[in-house]
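Chain by chain, the residues:
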Amino acid sequence: RLSFQGTGLPPEWSLVEEYQSDPSPAAWDRLVDRVLASVHLGQRWARHSMDVVRYSDTYGYEADIRAKGAWRYRDYLIRAFNGDVPFNQLVREHLAGDLLSVPRTDPVEKINESKIAMMFYHMGERRHDDTLVFNGIHQDMVDDQINAFSKSFLGLTMPCSRCPDHKPDPVSQKEYYGRAGVSMRSRW
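Notes on the structure follow. All figures in this text were calculated on a predicted structure; none of them were measured in a lab.

What follows is about the environment of Leu77. Tracing the backbone through its elements, the reader meets Leu77 in helix H5 (residues 70–82). Since its relative accessible area comes to 2%, Leu77 is described here as buried. Taking the C-alpha atoms as reference, Leu77 lies 9.4 Å from Ile116; in sequence the two are 39 residues apart. Setting aside residues no more than four positions away along its own chain, Leu77 makes contact with Ala46, Ser49, Met50 and His94.

Here it is, written out as structure tokens:
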């Protein structure tokens, strides 16, 4: 059960036999440590984050255009979970990884992990109509970024705030367009 919960995979039979033959009171702790050290742990838990940020290897829509380099974001998440990166660091990297004064660098790959996190803004559906409707497409892309940001890091949805204020909305229209200004000023 521990293996299924931690990695999503059944345990290796040798691991089961080793645990069953170890009478030590610390056997369980050692087993937990081995599951936590498994590369599959990061793969399983990164998958949950990828669902939230709408990860895909393509941009969907009608042409299903390939999202070049999307795998870098996937691998970033796996390394982050396997490296036990604190959640507050992950949030900082996702929101402003390019602005961190001390970016997190992968010791093996020697790459700036903080910048890779910002690929989260490039996930999601992309339309491909002609340039006559670019402003509408651009607004939809910004709205999608705001929606992913608010669901992922605030635990609420903001797109309804795009329209005039409604009393039950936790975010005002002014706050929505303040956040939209950040995305609209950023380079794609």
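In this section: the pattern of salt bridges. Using the criterion set out here, one finds six salt bridges in the structure. Between Arg34 and Glu18 there is a salt bridge, with its nearest N and O atoms 3.0 Å apart. A residue pair is termed long-range when its members are at least 10 positions apart, and Arg34 in helix H3 (residues 27–36) and Glu18 in helix H2 (residues 13–20) qualify at 16 residues. For Glu113, the salt bridge is made with Arg79, and the minimal N-O distance between the two is 2.7 Å. A residue pair is termed long-range when its members are at least 10 positions apart, and Glu113 in helix H7 (residues 113–117) and Arg79 in helix H5 qualify at 34 residues. Under the relative-accessibility criterion, Arg79 is labelled partly exposed at 25%.

Reading guide: rules and limits
Residues numbered from 1 in each chain as written. Predicted model: local features only at pLDDT ≥ 70, side-chain atom pairs only at ≥ 80, totals over all residues. Heavy atoms only, no water. Helix = DSSP H or I, 4+ residues; strand = E, 2+ residues; numbered from the N terminus. Buried < 20%, exposed > 50% of the residue type's maximum accessible area, 1.4 Å probe, protein only. Contact = heavy atoms within 4.5 Å. Salt bridge = Lys/Arg side-chain N within 4 Å of Asp/Glu carboxyl O.

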